[in-house]
Amino acid sequence: MRVDVVTIFPDYLAALDLSLVGKARRSGLLDLRVHDLRDWTTDRHRTVDDTPFGGGAGMVMRPDVWGRALDDLLPAAPDGGHADREPAHVEPAHLVVPTPSGEVFTQRHAEALATESHVVVACGRYEGIDARVAEHARAAGHRVSELSIGDYVLNGGEVAALVMIEAFGRLLPGVVGNPHSLVEESHGSAGLLEYPVYTKPPLWEGHEVPEVLLSGHHARIERWRRDQALARTAARRPDMVAELDVDGLDKADLAVLAELGWRVDDGRLRPVAE
Ligand code: JB8
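Small disclaimer: the values here were computed from a predicted structure and weren't measured.

## Considering the overall build of the chain
Consideration 1: Helix and strand counts for the chain come out as nine helices and 11 strands.
Consideration 2: In terms of overall dimensions, the chain is more spread out than a globule: its C-alpha atoms have a radius of gyration of 24 Å, far above the 19 Å expected for 274 residues.
Consideration 3: Here the C-alpha coordinates of the chain stretch approximately 70 × 45 × 45 Å along the principal axes.
Consideration 4: The buried share among the 274 residues of the chain stands at 38%.
Consideration 5: Once local pairs closer than 6 in sequence are excluded, the contacts in the chain between residues at least 24 apart make up 69%.
Consideration 6: Carbon and sulfur atoms make up 53% of the accessible area of the chain, which amounts to about 16,400 Å² in all.
Consideration 7: Within the chain, one finds 29 positive and 44 negative side-chain charges whose respective centroids are separated by 3 Å.

## A closer look at the packing of helix α7 (residues 218-236) against helix α9 (residues 251-259)
Consideration 1: Interaxial distance between α7 and α9 falls to 10 Å at its minimum, and their mutual angle equals 40°. For the element pair α7 / α9, the angle class is oblique. Of the two possible hands of crossing, α7 and α9 adopt the one that is right-handed. Contacts between α7 and α9 involve R223, R226, D227 and L230 from the first element and A252, D253, V256 and L257 from the second.
Consideration 2: Looking at side-chain class alone, the contact of α7 with α9 contains four nonpolar, no polar and four charged residues.

## Some details on a nonpolar patch on the surface
Consideration 1: Residues F9, Y12, Y152, L154, V159 and V163 make up a contiguous nonpolar surface patch of about 500 Å² in total accessible area.
Consideration 2: Tracing the chain through its elements places V163 in helix α5 (residues 158-169).

## Section: the site of the ligand
Consideration 1: Neighbouring the ligand are 13 residues, the closest being P98, P100, G124, Y126 and L154.
Consideration 2: One nitrogen or oxygen atom from the main chain of L154 is found 2.8 Å from an oxygen atom belonging to the ligand.
Consideration 3: Relative to its unbound accessible area of 310 Å², the ligand is 95% covered by the protein chains.
Consideration 4: Per-element accounting of the shell around the ligand gives the leading share, three residues, to strand β5 (residues 94-104).
Consideration 5: Classifying every residue of the shell around the ligand by side-chain character gives seven nonpolar, five polar and one charged.

## With respect to the UniProt feature "binding site: S-adenosyl-L-methionine" (unreviewed entry) in the chain
Consideration 1: In the UniProt entry, the feature "binding site: S-adenosyl-L-methionine" (unreviewed entry) is given for G124, I149, G150, D151, Y152, V153 and L154.
Consideration 2: Counting through the fold element by element, G124 comes out in the loop between β6 (118-122) and α4 (132-139).
Consideration 3: Excluding residues within four positions of it along the chain, G124 makes contact with M61, I129, G156, G157 and E158.
Consideration 4: With respect to the helices, strands and loops of the structure, D151 is situated in the loop between β7 (143-148) and α5.

Definitions and cut-offs
- Residues numbered from 1 in each chain as written.
- Predicted model: local features only at pLDDT ≥ 70, side-chain atom pairs only at ≥ 80, totals over all residues.
- Heavy atoms only, no water.
- Helix = DSSP H or I, 4+ residues; strand = E, 2+ residues; numbered from the N terminus.
- Rg over C-alpha atoms; globule rule 2.2 N^0.38 Å.
- Buried < 20%, exposed > 50% of the residue type's maximum accessible area, 1.4 Å probe, protein only.
- Contact = heavy atoms within 4.5 Å.
- Areas by Shrake-Rupley, 256 points an atom, 1.4 Å probe, with all protein chains shown as cover.
- Lys, Arg positive; Asp, Glu negative; His and termini not counted.
- Charge placed at Lys NZ, Arg CZ, Asp CG, Glu CD.
- Axes fitted to C-alpha atoms, helices over the stretch in contact; angles between N-to-C directions.
- Parallel < 35°, antiparallel > 145°, perpendicular 65-115°, else oblique.
- Left-handed = near helix turned anticlockwise from the far one by under 90°.
- Nonpolar A, V, L, I, M, F, W, Y, C, P; charged D, E, K, R; others polar.
- Patch = residues over 30% accessible without salt bridge, like charges linked within 9 Å, V, L, I, M, F, W, Y side chains within 5 Å.
- Salt bridge = Lys/Arg side-chain N within 4 Å of Asp/Glu carboxyl O.
- Near = heavy atom within 4 Å.
- Polar contact = N/O pair within 3.5 Å; in protein donor to acceptor, adjacent residues only side chain to side chain.
- UniProt positions renumbered as here; feature names shortened; annotations may be inferred.

As structure tokens, this is what we get:
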């Protein structure tokens, strides 16, 4: 997979040399290149921003500078934006624009991006990038995803880009050593938070590891972990409980959820009004 990141702070992306993503780069599974947006400026001061039309606070990133960068990094428009024309044999790239006004980035987005052959990440600063840049890339036939990593505001797209690249990078075949860890997780993301985990020693600072985990009783351990996952999810993420597929729950699950104040009503879990 090829990934290009464009930013005015290339050093921010240095973390991508490390850990699993760094290893994927060195092994050739991930061809990741970081570019300085100012390489596409033409003035002596290497200006990337200008004042907003319509007034208001802050500065906006100039479309002409971004346009030259994306012209160089996105492949020649597959159909020039004319869907009726014979498609060229060039794969369109997927342009990802981190922005607090985007759709919320989830594991589903990570899974979809992990299947792409080419992703370009455009990191904005200031009040963001002139809206015509995304519009222009779409018109040229590229997929464009404007994505937010959560309901808070950063100073720019770089940290969000790190988050997204780590999330999809670890899903590339061969990047995570033991694919079983990915399979176990996908059970977790089938709607429940993960259960708590423990390692040695069995007694630490007066805190014991739950006895069931030392019992060697596989079925009891599985049930305990499931109960813990349900209790955590109910306490921390009631939104996820409300979305659970009732058909995927057994009698013990429903009993635990009932104890936690959730009943099945009209085929959906609903909190019991108190
Ligand atoms: C300017 O909060 B964020 C985010 C904030 C930003 C830009 C991009 C992303 C660009 N501010 O994810």
